[in-house]
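Analysis of the macromolecular model
Letter by letter, the chains look like this.
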Amino acid sequence: MRLKINGEIKDNIRAATLKELLEELEIISGRVAIEVNEAIVKRADYDTFRLKEGDVLEIVNFVGGG
Amino acid sequence: MEDKLVINGIEFKSRLWVGTGKYKDFDETARAIEASGADVVTVAVRRVNITDRKSENLLDFVDPKKYKILPNTAGCYTVEDALRYSRLAREAGVSDMIKLEVIGDEKTLFPDVIGLLEATGILAKEGFTVFPYTNDDPIMAKRLADAGAAAVMPLAAPIGSGLGIRNPYNLKIILETINLPVIVDAGVGTASDVAIAMELGCDAVLLNTAIAGAKDPIAMAEAMKHGVLAGRLAYKAGRIPRKLYATASSPIEGML
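What counts and what doesn't
- Residues numbered from 1 in each chain as written.
- Chains lettered and ligands numbered in written order.
- Predicted model: local features only at pLDDT ≥ 70, side-chain atom pairs only at ≥ 80, totals over all residues.
- Heavy atoms only, no water.
- Buried < 20%, exposed > 50% of the residue type's maximum accessible area, 1.4 Å probe, protein only.
- Helix = DSSP H or I, 4+ residues; strand = E, 2+ residues; numbered from the N terminus.
- Pairing = 2+ DSSP bridges.
- Right-handed = clockwise from strand over helix to strand, strands pointing away.
- Salt bridge = Lys/Arg side-chain N within 4 Å of Asp/Glu carboxyl O.
- Phe/Tyr/Trp six-rings, centres within 6.5 Å; stacked < 30°, edge-to-face > 60°.
- Lys NZ or Arg CZ within 6 Å of the ring centre and 35° of its normal.
- Polar contact = N/O pair within 3.5 Å; in protein donor to acceptor, adjacent residues only side chain to side chain.
- Contact = heavy atoms within 4.5 Å.
- Buried area = accessible area lost by both parts, 1.4 Å probe.
- pLDDT = per-residue confidence, 0-100.
- Core = buried A, V, L, I, M, F, W, Y, C linked by side-chain atoms within 4.5 Å.

Quick look at the pairing of strand β6 (residues 97-100) of chain B
Along any regular strand the residues' side chains alternate between the sheet's two faces. Residues and elements named next belong to chain B. Alternating positions in β6 separate into two faces, Met 97 and Lys 99 on one and Ile 98 and Leu 100 on the other, with burial throughout. Inspection of the sheet shows β6 paired to strand β7 (residues 129-134) by four bridges, in the parallel sense. The residue of β7 that forms the bridge with Met 97 is Thr 129. A crossover connection joins β6 to the parallel β7 through helix α3 (residues 113-125); in handedness this β-α-β unit is right-handed.

Below you can see the structure in the form of structure tokens.
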């Protein structure tokens with residue numbers, strides 16, 4: 001499946017759900033927030049949220065800032 | 001004597017709040033925060049690096065169990081962006097606190113107070129504990145308080161400028177105008193600037209560059225800790241009035 005994640009096109013994504021995608025990308029789920037097509041997905045819904053071809057995702061976390 | 005800062009039921013152990021930007025590395029960040037004695041640390045919300053998963057994570061060095069994490073909306077120039085980043089921060093984080101920035105101009109990084117006021121109202125209604133970064137304008141402070149801000153964060157001077165408290169009289173008027181905590185945010189350069197803010201009666205000071213940009217950030221962090229404590233104590237103690245002429249400290253009586 002092809003997804004756009006953080007501005008980059010990613011082909012050959014095998015994950016079907018958000019939870020699986022985080023595992024595939026080796027991202028710790030407790031520290032991020034995710035938008036799919038500009039709508040926030042609650043952390044509790046990651047395991048049931050199904051991804052579709054062409055979804056646009058933003059995965060953010062905290063970085064140093066003032 | 002208890003002198004705790006409490007905002008929206010949240011108890012803060014220190015009146016020095018610090019940022020986590022501009023450090024050499026995460027190890028230095030962690031050591032500077034430790035030395036500062038800060039309880040609140042600010043962070044920014046940015047895209048996860050999905051290509052290099054070996055890159056280190058800030059929260060491995062700044063433990064959210066030990067510090068209160070205060071996400072900011074730095075870099076947001078519109079109400080829409082500020083709302084988007086705030087909601088993402090809440091979802092990523094452990095609290096409803098947001099340091100709200102709606103920036104008006106790249107050169108000064110002064111706040112766009114019209115956008116700030118609008119965003120403050122919306123986020124307060126959504127249950128956020130909103131800390132708006134604002135001008136040292138008492139009228140705007142009042143408007144932000146009315147819109148539901150948990151505290152107001154007037155700037156001392158432009159972000160990262162190190163110019164210190166540019167308008168102590170306005171800060172004093174803000175303190176007298178609103179019935180909310182006032183946290184000076186941005187523009188301080190050294191420990192005496194922090195002490196001045198606290199002597200005026202401000203409730204806390206938030207800073208980043210003054211520590212991170214110092215030659216020895218760890219030592220400056222400690223200096224800032226003492227600056228806040230000294231300023232707060234002096235404020236509580238009540239300073240003497242300023243007078244033009246001298247008053248002798250030693251008695252005249254008993255002189256030869």
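Here's the deal with the pattern of salt bridges
Residue and element names in this part refer to chain B. Counted according to the given criterion, the structure contains 21 salt bridges over all chains. The salt bridge partner of Asp 3 is Arg 15, with a shortest N-O separation of 3.2 Å. Within this pair, whereas Asp 3 is found in the segment before β1 (5-7), its partner Arg 15 is found in the loop between β2 (10-12) and β3 (16-19), the two being separated by 12 residues in sequence. Under the relative-accessibility criterion, Asp 3 is labelled partly exposed at 26%. A relative accessible area of 9% means that Arg 15 is categorised as buried.

So, the packing of aromatic side chains
Residues and elements named next belong to chain B. For the coordinates displayed, the defined rule picks out three aromatic pairs over all chains. For the pair Phe 12 and Trp 17, a centre-to-centre distance of 5.0 Å together with 35° between the ring planes defines the contact as tilted. Both residues of the pair, Phe 12 and Trp 17, belong to the buried class. Between Trp 17 and Phe 131, the aromatic rings sit 5.4 Å apart at their centres with planes inclined by 85°, giving edge-to-face as the arrangement. Of this pair, Trp 17 sits in strand β3 while Phe 131 sits in strand β7; the two residues are 114 residues apart in sequence, bridging distant segments of the chain. Accessibility expressed as a relative area gives 0% for Phe 131, which makes it buried. Among the aromatic side chains, those forming a connected cluster through ring pairs are Phe 12, Trp 17 and Phe 131. Here Arg 90 stacks its cationic end above the ring of Phe 128, 3.9 Å away from the centre of that ring. Stacked on the ring of Tyr 133, the Lys or Arg Lys 99 has its end atom at 5.9 Å from the ring centre.

Description of the side chain of Asp 39 of chain B
All names here are of chain B. The residue Asp 39 is located in the loop between α1 (26-36) and β4 (40-47) in this model. Exposure remark for Asp 39: the relative accessible area of 4% places this residue in the buried category. A polar contact of 2.8 Å, which involves the side chain of Asp 39, links it to the backbone nitrogen of Lys 13. Engagement of the side chain of Asp 39 in a polar contact is seen with the side chain of Lys 68, the distance being 2.7 Å. Here Asp 39 is in contact with Glu 11, Phe 12, Lys 13, Ser 14, Leu 16, Lys 66, Tyr 67 and Lys 68, once residues within four sequence places are set aside.

Side note on unusual backbone geometry
All names here are of chain A. With a phi angle near 60°, Glu 26 is a residue other than glycine that sits in the positive phi range. Of note, Glu 26 is situated in the loop between α1 (18-24) and β3 (33-36). Take Glu 26: its relative accessible area is 61%, and that puts it in the exposed class.

Structural notes on the environment of Ala 15 of chain A
Topologically, Ala 15 of chain A is positioned in the loop between β2 (8-10) and α1. Setting aside residues up to four positions removed in sequence, Ala 15 of chain A forms contacts with Met 1, Glu 20, Leu 21, Glu 24 and Leu 51 of chain A.

A closer look at the interface of chain B and chain A
If you look at the interface, chain B gives 30 residues, while chain A gives 28 residues. Around 2600 Å² of area is buried between chain B and chain A when both sides are counted, 57% of it from carbon and sulfur atoms. At the boundary of chain B and chain A, one finds four salt bridges. One salt bridge in this structure joins Arg 47 of chain B and Glu 58 of chain A, with 2.8 Å as the shortest N-O distance. Secondary-structure elements contributing two or more residues to the side of chain B that touches chain A are β4, β5 (68-71) and α2 (79-92) of chain B. Here five bridges tie strand β5 (residues 56-64) of chain A to β4 of chain B, and the two strands are oriented antiparallel to one another. Residue pairing for β4 of chain B: Gly 64 of chain A is matched across the bridge by Val 43 of chain B.

Concerning the confidence of the model for chain B
Taken residue by residue, chain B gives an average pLDDT of 95. The fraction at 70 or more is 100%. Overall fold confidence for the complex sits at a pTM of 0.93, while the interface term, ipTM, reaches 0.95.

Describing the nonpolar core
Core analysis: the biggest nonpolar cluster contains 64 residues, and Val 184, Leu 207, Ile 211 and Met 224 of chain B have the highest contact counts within it. Of the residues forming this core, the biggest block, six residues, is contributed by α2 of chain B. Of all hydrophobic cores here, the second largest spans 19 residues; its members include Val 41, Tyr 46, Leu 51 and Leu 57 of chain A.

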